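What follows is each chain in one-letter form.
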Amino acid sequence: MTLVYVDNVHKAFGDLEVLKGINLSVAQGEVVAIIGRSGSGKSTLLRCLNQLEKHDSGKITIADKQLDAASMSPKELSENVGMVFQSFNLFPHKTVGENVCLAPLVVRGEGKTEVEKIAREVLEKVGLSDKYDSYPAQLSGGQQQRVAIARALAMRPKVLLCDEVTSALDPELVGEVLRVLEALAAEGMTLILVTHEMGFARDVADRVVFMHQGRIHEEGAPSELFSNPQTPELKQFISAVL
Amino acid sequence: MIEFTFWDILRNLLLATRWTIVLSLIAFVGGATVGLVLTFMRLSSSRWLQRLTALYVDLFQGTPLLMQLFLIFFGAAALGHPISAWWAASIALTLFTSAFLCDIWRGCLEAVAKGQWHAARVLGMNYFQSMRHVILPQALRLSIPPTVGFSVQVIKGTALASIIGFVELTKAGTMLNNATFEPFTIFALVALLYFALCYPLSCYARYLEKKLYDAGLR
């Protein structure tokens, strides 16, 4: 079943055309890794999927509902798409527990006891149930990012977008975050990740999408794509990053 | 000629200090109220309101407080509605304070990282929910040290009200000097009294700033 469907999406910032007609469909439970040079449009594509950027033309549907910032409230968007950022963006004035509980309480209007139960569940899932009352500043980068993942999960989105979620981390902290994502993938969560972790893309993704100059240049199963790139651009990219 | 002892001078100055404090409080409370309204006008989506507020802030920041006092005090009289020095000083200081506080608070709101807005939006919060639960609490913490710091400027600014005849600390000093011809003693005492009001506030602002720094919010 197709969960995310992107049809001929264009996006320009002034004269700079960043997305030049993207077509992509992601099935329920699929893990898609988007790779490519910086400036290739991968982060912009991800931000269009949750309407942090409004696409200029084309169509994006999630669970058969057309994404359209004009008609869709932030609440409705959040029920479809969750997002984890490169820079965590935890709320520094709130504890870990409050970070996770805030949106379900305020946006969904759920009861406090129920929300706290969910918060403990998702924190358990990312291995941080003992940090419920800590503040973000007291945690390591890897722990903060895992809280950010838990916070996104507490809204029970249909698809989770990850925008270079390990790029701001010290090398020794990357593993703990990737393991959480791997576990989510194994549970059947639909993930779309922009990543520079080629090893992770190869091991965990069902499909790898290579973006180049605002277009999807090549895509396929990771084993095939990495061992047998078809285009010179991908060949060059792979030899540069591996 | 009446003889003034040192204690007479000090007593009169202390009595006048009351009015410096009252005027400072009026200016601060009035300025904070108007400043709050201005801050939200400045942040509104209406271009027209934004420009109007920016012009207001620039106008009051770009002219001396003394001219603002004169314009209000003498302007009101020229327009046929003379107002007391009390009113003129209260209005001028309120407007002056509001312009600076608006600018300080807008800066604090904008200092909250853009990513916080994005995170709130992605979690499904609308503008007001994001503002109330995510942005304002952080901006509020950031704003306390500069706001307390600015209150020192307001206290010192009240001295200008002496020129339109408002009897506060500075004016009382001038009057006492006219009677006693002891300018050094008197103005040293006046300065000391201002210092006694302002120094604790400066220390408090510094303490708050350090506390904020330790909390890792900067």
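Residues numbered from 1 in each chain as written. Chains lettered and ligands numbered in written order. Predicted model: local features only at pLDDT ≥ 70, side-chain atom pairs only at ≥ 80, totals over all residues.

As named in an unreviewed UniProt entry, chain B is Amino acid ABC transporter permease, taken from Vreelandella nigrificans. Listed under Sequence similarities (unreviewed entry) in UniProt, the entry text for chain B is "Belongs to the binding-protein-dependent transport system permease family. HisMQ subfamily." (UniProt positions renumbered as here; feature names shortened; annotations may be inferred.)

Chain A has the name Amino acid ABC transporter ATP-binding protein in an unreviewed UniProt entry, where Vreelandella nigrificans is given as its organism. Recorded in UniProt for chain A, the comment headed Sequence similarities (unreviewed entry) runs: "Belongs to the ABC transporter superfamily." Under the UniProt heading Subcellular location (unreviewed entry), the note attached to chain A is "Cell inner membrane".

Participant: Which parts of the structure should I look at to understand the overall build of chain B?
Facilitator: Scanning chain B from N- to C-terminus turns up 8 helices and 0 strands. The dimensions of chain B, computed from C-alpha atoms along their principal axes, are 80 × 50 × 20 Å. Taking all 218 residues of chain B together, 35% fall into the buried category. (Helix = DSSP H or I, 4+ residues; strand = E, 2+ residues; numbered from the N terminus. Buried ≥ 20, exposed ≤ 12 C-beta atoms within 10 Å, placed from the backbone.)

Participant: Would you mind showing me how to read the sheet that holds strand S4 (residues 57–62) of chain A here?
Facilitator: Backbone hydrogen bonds hold the strands of a sheet together, and the pairing may be parallel or antiparallel. As summarised here, the arrangement of the 4 strands in space is S2-S1-S4-S5 (chain A), forming an open sheet in which the pairing is antiparallel. Every interior strand has two partners, whereas the edge strands, strand S2 (16–27) and strand S5 (65–66) of chain A, have only one. (Pairing = 2+ DSSP bridges.)

Participant: Hey, could you run me through the interface of chain B and chain A in this one?
Facilitator: Reports often express the size of an interface as the amount of accessible area lost when the parts come together. Taken together, the 18 residues of chain B in the interface contact 20 residues of chain A. In terms of residue class, the side of chain B that touches chain A is built from 7 nonpolar, 9 polar and 2 charged. (Contact = placed C-beta atoms within 7 Å. Nonpolar A, V, L, I, M, F, W, Y, C, P; charged D, E, K, R; others polar.)

Participant: Looking at this structure, I do not really get the environment of A:Met72. What am I missing?
Facilitator: Residues and elements named next belong to chain A. Mapped onto the fold, Met72 is located in the loop between S5 and helix H2 (74–80). In this structure Met72 comes out as partly exposed when scored by C-beta crowding, with 17 C-beta atoms within 10 Å. On a C-alpha basis, the gap between Met72 and Val18 in space is 24 Å, while along the polypeptide they are 54 residues apart. Apart from the residues lying within four places of it in its own chain, the contact partners of Met72 are Leu67 and Leu77.

Participant: How should I be thinking about the UniProt feature "transmembrane region" (unreviewed entry) in chain B in this particular structure?
Facilitator: All names here are of chain B. The UniProt entry lists residues 20–43, 55–79, 85–105, 148–166 and 186–208 under the feature "transmembrane region" (unreviewed entry), expressed in the numbering used here. Structurally, residues 20–43 comprises 100% helix and 0% strand, and the distance from its first C-alpha atom to its last is 33 Å. Each end of residues 186–208 is marked by a C-alpha atom, and these two atoms are 34 Å apart; helix forms 100% of the span and strand 0%.

Participant: I'm lost on the nonpolar core in this one. Help?
Facilitator: Note on soluble globular proteins: their nonpolar side chains tend to be buried together. Core analysis: the largest hydrophobic core is formed by 114 residues, its most contacted members being A:Ile34, A:Ala150 and A:Ile192. Of the residues forming this core, the biggest block, 12 residues, is contributed by helix H4 (residues 85–111) of chain B. When residues no more than four places from it in sequence are discounted, the contact partners of A:Ala150 are A:Val100, A:Val122, A:Leu123, A:Lys125, A:Val126 and A:Leu128. Residues B:Leu13, B:Ala16, B:Leu169 and B:Leu176 belong to the second largest nonpolar core, which totals 10 residues. (Core = buried A, V, L, I, M, F, W, Y, C linked by C-beta atoms within 7 Å.)

Participant: Help me out: how do you make sense of helix H6 (residues 171–187) of chain A in this one?
Facilitator: Residue and element names in this part refer to chain A. Between its terminal C-alpha atoms H6 stretches 26 Å, which fits the 24 Å expected from 17 residues at 1.5 Å a residue. The complete set of buried residues in H6 reads Val177, Leu178, Val180, Leu181, Leu184 and Ala185. The arc that holds the buried residues of H6, viewed along the axis, is 155°, so those residues lie on one side. Among the exposed residues of H6, those pointing more than 90 degrees away from its buried face are Glu172, Ala186 and Glu187. In this structure, the buried residues of H6 make contact with strand S3 (31–35), helix H5 (141–153), strand S7 (159–163), strand S8 (190–194) and helix H7 (198–204). Where H6 ends, the next residue or the one after it, Gly188, has phi of about 100°, a positive value. (Expected span 1.5 Å × (residues − 1). Arc of directions from axis to C-beta.)

Participant: When you look at the packing of helix H7 (residues 169–180) of chain B against helix H8 (residues 183–214) of chain B in this model, what are you seeing that I'm missing?
Facilitator: Two quantities define a packed helix pair, namely the angle between the helix axes and the distance between the axes. All names here are of chain B. Between H7 and H8, whose axes approach to 9 Å, the crossing angle comes to 165°. Accordingly, the angle class assigned to the pair H7 and H8 is roughly antiparallel. For the pair H7 and H8, the sense of crossing is right-handed. Mapping the contact onto sequence places Leu169, Thr170, Gly173, Leu176, Asn177 and Thr180 in H7 and Pro183, Ile186, Phe187, Val190, Leu193 and Tyr194 in H8. (Axes fitted to C-alpha atoms, helices over the stretch in contact; angles between N-to-C directions. Parallel < 35°, antiparallel > 145°, perpendicular 65-115°, else oblique. Left-handed = near helix turned anticlockwise from the far one by under 90°.)

Participant: Can you walk me through helix H4 (residues 112–125) of chain A in this structure?
Facilitator: Along an α-helix, residues three or four positions apart point the same way, because every turn accommodates 3.6 residues. All names here are of chain A. In a regular helix each residue adds 1.5 Å, so 14 residues correspond to 20 Å; H4 covers 20 Å between its end C-alpha atoms and thus fits that length. If you check which residues of H4 are buried, you get Val115, Ala119, Val122 and Leu123. When H4 is viewed along its axis, its buried side chains cluster within an angular range of 100° and face the same direction. Turned more than 90 degrees away from the buried face of H4 sit Thr113, Glu114, Lys117 and Glu124, all of them exposed. For H4, the elements touching its buried residues are helix H3 (96–106) and H5. The first or second residue beyond H4 is Gly127, which carries a positive phi of 75°.

Participant: Would you mind showing me how to read the sheet that holds S3(A) here?
Facilitator: Residues and elements named next belong to chain A. The sheet built from 6 strands is open, its strands ordered S6-S7-S8-S3-S9-S10 with mixed pairing. In this open sheet, the two strands that pair with only one neighbour each are strand S6 (81–84) and strand S10 (215–220). Ignoring which end each strand starts from, the neighbouring axes of this sheet average 20° apart. In this structure, S7 lies alongside S8, joined through 5 bridges in parallel fashion. Looking at S8, one finds that Asp163 is bridged to Val194. Sitting on the sheet, helix H1 (residues 42–49) is in contact with S3, S6, S7, S8 and strand S9 (207–212), with an inclination near 145° to S8.

Participant: How should I be thinking about the packing of H5(A) against H6(A) in this particular structure?
Facilitator: All names here are of chain A. Where H5 contacts H6, the axes come no closer than 8 Å and their chain directions differ by 20°. With respect to H6, the element H5 is oriented roughly parallel. For the pair H5 and H6, the crossing hand works out as right-handed. Between H5 and H6, the residues in contact are Gly141, Gly142, Gln145, Arg146 and Ile149 and Leu173, Glu176, Val177 and Val180, respectively. For the contact of H5 with H6, a count of residues per class yields 4 nonpolar, 3 polar and 2 charged.

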